[in-house]
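Listed below, chain by chain, are the residues.
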Amino acid sequence: MNPRQNFVGGQPVAGTGPLFASIDPATGQRNGEFTSASAADVDAAVRIAAEAAGQTAWRTMRPHERARILSRIADGMAACAEDLAATQMQENGKVIAECRAQVASAIATYRYYAAVCETTESELTPPRGDYLSMTVHEPIGVVAAITPWNSPLTMEAQKVAPALAAGNAVVLKPSEVTPTAALDIAAIAVAAGLPPGLLNVLTGTGVDTGAALVTHPSVGMVSFTGGTETGRAIARLCADRLIPSALELGGKSPNIVFADADLDAAVDGVAGGIFEGSGQSCVAGSRLFVQRAIYDPFLDKLRARAEALRVGLPAQAGTTMGPLASFPHRERVERFVQSARDEGGAIVSGGRRPDDDALAAGAFYLPTIIAGLNNAATVCRQEIFGPVLCVLPFDDEDDVIAQANDSVYGLACGVWTGDYRKAWRVARAVLAGTVWINTYKQLSIAAPFGGFKHSGLGREKGIQGMRLYQQSKSIYFGLADATGVA
Ligand code: NAD
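Just so it is clear, the structure is predicted and the values come from calculations on it, not from any experiment.

Cut-offs and rules
Note on numbering: residues in each chain are counted from 1, in written sequence order. Where local features are concerned, this predicted model is filtered to residues with pLDDT of at least 70; where side-chain atom pairs are given and counted, the filter is 80 or more; whole-chain, interface and lining totals use all residues. Here the side-chain values reflect all heavy atoms present in the structure, with hydrogen atoms and water set aside. Numbering of helices and strands runs from the N terminus; a helix is a DSSP stretch of H or I covering at least four residues, while a strand is a stretch of E covering at least two. In this setup the radius of gyration rests on C-alpha atoms only. A globule is expected at 2.2 Å times the number of residues raised to 0.38. When a residue's accessible area, from a 1.4 Å probe over protein chains only, is under 20% of the maximum for its type it is buried; when over 50% it is exposed; and in between it is partly exposed. At least two DSSP bridges between two strands are needed for those strands to be called paired. Between N-to-C directions, angles span 0 to 180 degrees; the directions come from axes that are lines fitted to C-alpha atoms, helices contributing only their stretch in contact. Any residue with relative accessible area above 30% and no salt bridge may belong to a patch, with like charges joined within 9 Å and the nonpolar Val, Leu, Ile, Met, Phe, Trp and Tyr side chains within 5 Å. The protein chains shown are the only cover counted for residues, whose accessible areas, like all others here, come from Shrake-Rupley with a 1.4 Å probe. Each salt bridge in this description consists of a side-chain nitrogen of Lys or Arg and a carboxyl oxygen of Asp or Glu lying within 4 Å of one another. Note on terminology: angles under 35 degrees are roughly parallel, angles over 145 are roughly antiparallel, angles of 65 to 115 are roughly perpendicular, and the others are oblique. Contacts were defined at the residue level, with two residues in contact if any of their heavy atoms lie within 4.5 Å. In this count, Pro and Cys sit with the nonpolar residues alongside Ala, Val, Leu, Ile, Met, Phe, Trp and Tyr, while Asp, Glu, Lys and Arg are called charged and the others, Gly among them, polar. We call two N or O atoms a polar contact when they sit within 3.5 Å, provided that within protein one can donate a hydrogen and the other can accept it, with sequence-adjacent residues counted only if both atoms are side-chain atoms. Proximity is defined per residue: if any heavy atom of the residue lies within 4 Å of a molecule or strand, that residue is considered near it. How far each domain reaches was decided by an automatic or database domain assignment. Think of it like this: strands point away, you trace from the first strand over the helix to the second, and a clockwise trace means the crossover is right-handed.

The secondary structure content of the protein amounts to 16 helices and 22 strands. What you see for the protein is a C-alpha radius of gyration of 24 Å, in line with the 23 Å of a compact globule of 486 residues. For the C-alpha atoms alone, the extent of the protein along its principal axes is close to 80 × 60 × 40 Å. Per-residue burial over the protein gives 55% buried out of 486 residues.

Laid out in structure tokens, this is it:
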């Protein structure tokens, strides 16, 4: 079907906004055309979602029955796993192995929230008088979910599965760069038995579709993952409407290597932390701090590791780094690297497009290491969201904690050391939502995830990742004999 239609009320529905195309960043070829949902399309979808959310059938369905539907969605995704992985690869250029891992992670997310839905309990609160008080958790209604292009499969599962588990209806707007997986998964969900209207997908740009969704009067909450400036604009709109927003935003995460670390393990962790996914990860370890005593030998090892990466077509076996997700994004990354040159930085490795003719049609860029700057440089302050690592020396623990925290962001941090006491001290002192010690980018659906400072508000994942989409209600049963008032 071209253009591909939105998915509303359990079926494909043509959008009435402007057309846009999805482009394969590895080849420059068109994947397909889509319509931006107009404000009228958004209105129709939110009304359908509100009706589905308001029906007691879903709100009051017993948790184990709701969980069964979530598990069946996971089964449906597992049956289409290879297609879902290929779809993401064609739209954002991630290597196929990583796309497969992300499908597996999305499936696991649905299974996890099925379990959370079935097993979490309401609370009896301690009485302070002659009454029995309990707290129950109720759905918000319609949740608007807005996602970026770097990991649509996992980011969307992380919002949709807990929001549905919590008893809501969802209107999901995926990034205009990666619209297809969300449409496919909504169809899988309905085939798996999710009542129509509970998961609706509207494709389109932020300006055409996203803004209309955030400001719709029947949307009760916005769950957003994306850039900090977009998140700030969405939070303002939500504040005007007095509705909650959950914001997973950008990062400029420090990865810290002490002289007493296992340097080979650290080189692997640092390279994976920035170059996996071509650095297009919110938690990318993009500021590397290396203790001065090992600075030169560590940088030599790291350069060798970066130059051993195989930049290539994402479907090809042996490729370890695919293209950037879009051509405009590559230009943005190139402007950042130019700013580093202009500010006196030295390009230790990369800093350009690959020479390989077979990659000339795609948005490829080499793994890049920049040295010779300090933490005030543009590339150390702003999120590049590309395969660009800035390396900075440090003297001691206090120095590196001060430098690591000297950022508006606070999403993640890596610490490499053989001293567990030091690891603990640094982990507690760094202002970040996730700290990895002698590992990097290890993520679990069971552990809460989110940012300090400008990296976000609220926590996804874990049991509280379902509570995020609920509001608590306290109910008192009077136990006093005469007046009912204790
Ligand atoms: P973006 O902010 O440009 O867009 C994200 C989404 O918001 C897209 O769907 C876009 O269409 C929509 N949007 C844009 N303007 C809007 C508006 N005014 N109203 C409503 N919706 C609007 O981000 P991006 O370029 O797609 O993704 C990259 C960013 O996402 C990076 O900053 C990255 O750090 C961040 N990110 C954060 C996390 C996290 O968990 N913290 C995860 C992945 C990506």
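We now examine the sheet that holds strand S22 (residues 470-478). Note on sheets: strands pair through backbone hydrogen bonds, and any given pair is parallel or antiparallel. The strand order S5-S6-S22 describes an open sheet built from three strands, whose pairing is antiparallel. Among the strands making up the open sheet, the edge pair consists of strand S5 (123-125) and S22. Between one strand and the next, the sheet's axes are offset by a mean angle of 30°, whatever the strand orientation. When strand S6 (residues 131-139) meets S22, the two strands line up antiparallel, connected through nine bridges.

Okay, a nonpolar patch on the surface next. Together, Leu124, Leu132, Ile475, Phe477 and Leu479 give the surface a local cluster of nonpolar side chains, amounting to about 450 Å² of exposed area. With relative accessibility at 48%, the residue Leu479 sits in the partly exposed group.

The next point concerns the packing of helix H3 (residues 63-79) against helix H5 (residues 96-119). As a packed pair, H3 and H5 sit with axes 8 Å apart at the nearest point and diverge in direction by 170°. Relative to H5, the element H3 lies roughly antiparallel. Note on element contacts: H5 touches H3 through Ala106, Ile107, Tyr110, Arg111, Tyr113, Ala114, Cys117 and Glu118, opposite Pro63, His64, Arg66, Ala67, Leu70, Ser71, Ile73, Ala74, Asp75, Met77 and Ala78. Taken together, the residues of the contact of H3 with H5 break down into 13 nonpolar, two polar and four charged.

On the secondary structure map, Lys422 appears in helix H15 (residues 420-429). Separated by 3.1 Å, the side chains of Lys422 and Asp260 make a polar contact. Filtering out sequence-adjacent residues up to four positions away, Lys422 remains in contact with Phe258, Asp260, Glu397 and Thr417.

On to the site of the ligand. Looking at the ligand, there are 28 residues lining it, with Thr147, Glu176, Thr230, Leu249 and Glu383 nearest. In this structure, an oxygen atom belonging to the ligand sits 2.7 Å away from a main-chain N or O atom of Thr147. Between an oxygen atom of the ligand and a side-chain N or O atom of Trp149, the distance comes to 3.0 Å. In isolation the ligand exposes 850 Å². Once the protein is present, 85% of that is buried.

Next up on the list: the packing of helix H4 (residues 81-92) against helix H7 (residues 180-191). Running from N to C, H4 and H7 cross one another at 160°; their axes reach a closest spacing of 9 Å. As judged from the angle between their axes, H4 and H7 are roughly antiparallel. Residues Leu84, Thr87 and Glu91 of H4 form the contact with H7, whose own contacting residues are Thr180, Ala181, Asp184, Ile185 and Ile188. A breakdown of the residues in the contact of H4 with H7 according to their chemical character gives four nonpolar, two polar and two charged.

Reading across from one edge, S14-S15-S16-S13-S12-S18-S19 is the order of the seven strands in this open sheet, with mixed pairing throughout. This sheet does not close on itself; its edge strands, each paired only once, are strand S14 (346-349) and strand S19 (434-437). Strand-to-strand twist of the sheet, defined as the mean angle between neighbouring strand axes without regard to direction, takes the value 25°. Pairing geometry for strand S12 (residues 254-257) and strand S18 (residues 412-416), over three bridges, is parallel. Opposite Asn255, over in S18, you have Gly414 as the bridge partner.

Okay, the pairing of strand S10 (residues 221-225) next. The buried fraction of S10 amounts to five of the five residues, a majority that puts the element mostly inside the structure. With burial as the criterion, each face of S10 is covered, one bearing Met221, Ser223 and Thr225 and the other bearing Val222 and Phe224. Direction of pairing for strand S7 (residues 142-146) relative to S10: parallel, over a ladder of four bridges. Counted as the bridge partner of Val143 is Met221 from S10. Bridge count between S10 and strand S11 (residues 245-248): four bridges; the pairing is parallel. Residue pairing for S11: Phe224 is matched across the bridge by Leu247.

As far as domains go, the protein holds domain 1 (6-249 + 455-474) and domain 2 (254-437). Relative placement of domain 1 and domain 2: their C-alpha centres are 31 Å apart. For the pair domain 1 and domain 2, the number of links is zero salt bridges. Viewed at the interface, domain 2 and domain 1 are joined by six residue pairs in polar contact (both at pLDDT 80 or more). Mapped onto the side of domain 1 that touches domain 2, the elements with two or more residues apiece are H4 and H5. If one sorts the elements of the side of domain 1 that touches domain 2 by residue count, H4 sits on top with three residues. For the side of domain 1 that touches domain 2, the per-class residue count stands at nine nonpolar, seven polar and four charged.

Glancing now at unusual backbone geometry. Non-glycine residue Phe385 carries a positive phi angle of around 60°. Examined against the element boundaries, Phe385 turns out to sit in the loop between helix H13 (378-381) and strand S16 (388-394). The exposure class assigned to Phe385 is buried, which follows from its relative accessible area of 14%. Despite not being glycine, Asn438 has its phi angle at roughly 55°, a positive value. Within the secondary structure layout, Asn438 lies in the loop between S19 and strand S20 (452-453). On the basis of relative accessibility, which here comes to 40%, the residue Asn438 falls in the partly exposed class.

With five of five residues buried, S7 lies mostly within the body of the structure. The two faces of S7 match: Val142, Ala144 and Ile146 on one face and Val143 and Ala145 on the other face are all buried. Relative to strand S8 (residues 169-173), S7 runs parallel, the two being bridged by five bridges. Considered in S8, the bridge of Ile146 is made with Lys173. The handedness of the S7 to S8 crossover, carried by helix H6 (residues 152-165), is right-handed.

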